[in-house]
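# Fold and contact review
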Amino acid sequence: MALPKKRHSKARVKSSRQFWRLNSPALVRCPNCGNLRVSHHICPNCGYYNERKIIEIKEKKKKKKK
Ligand SMILES: [Zn+2]
């Protein structure tokens, strides 16, 4: 059975394990409102997906100062 000749450093192992986190999620423009949203997800701004309204987005409430 093949064995690694040299031990990999901690940095080398960690960098390969965390590589996927560096890739940002695919962002596309919403066809309804033009807002950026994650691909294959409902638009957080208008609640549309596949040119249909899926969920009702509540309007932003005014922030109350404590
Ligand atoms: Zn939208």
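Given the structure is predicted, the values throughout are model-derived calculations rather than measurements.

### Brief notes about the overall build of the protein
Scanning the protein for helices and strands turns up two helices and four strands. Listed by position from the N terminus, the elements making up the protein come as α-α-β-β-β-β. Looking at the protein as a whole, 8% of its 66 residues qualify as buried. A separation threshold of at least 6 residues defines the contact pool for the protein, and within that pool the share at least 24 residues apart is 0%. Total accessible area on the protein stands at roughly 7300 Å², and carbon and sulfur atoms take up 53% of it.

### Considerations on unusual backbone geometry
Working note: non-glycine residues mostly have negative phi, and peptide bonds are mostly trans. Unlike most non-glycine residues, His-40 shows phi in positive territory, near 65 degrees. Its place among the elements puts His-40 in the loop between strand S2 (36-38) and strand S3 (48-49). Judged by relative accessible area, His-40 falls into the exposed class, the value being 66%.

### Digging into the coordination of the zinc ion
At the metal site, the zinc ion is ligated by Cys-30 (SG), Cys-33 (SG), Cys-43 (SG) and Cys-46 (SG), and these contacts range over 2.2 to 2.3 Å. With four donor atoms in place around the zinc ion and angles of 107 to 115 degrees between them, the coordination shape is tetrahedral. Within one chain, the residues serving as donors to the zinc ion are arranged as C-x2-C-x9-C-x2-C. In this pair, Cys-30 sits in the loop between strand S1 (27-29) and S2 while Cys-43 sits in the loop between S2 and S3, placing the two residues 13 residues apart along the sequence. Considered together, Cys-30 and Cys-43 belong to a single accessibility category, that of buried residues.

Each value, and the rule that gives it
- Residues numbered from 1 in each chain as written.
- Predicted model: local features only at pLDDT ≥ 70, side-chain atom pairs only at ≥ 80, totals over all residues.
- Heavy atoms only, no water.
- Helix = DSSP H or I, 4+ residues; strand = E, 2+ residues; numbered from the N terminus.
- Buried < 20%, exposed > 50% of the residue type's maximum accessible area, 1.4 Å probe, protein only.
- Contact = heavy atoms within 4.5 Å.
- Areas by Shrake-Rupley, 256 points an atom, 1.4 Å probe, with all protein chains shown as cover.
- Donors = N, O, S within 2.8 Å, 3.2 Å for Na, K, Ca; no water.
- Tetrahedral: all angles 85-135°; square planar, octahedral: opposite > 155°, others 65-115°.

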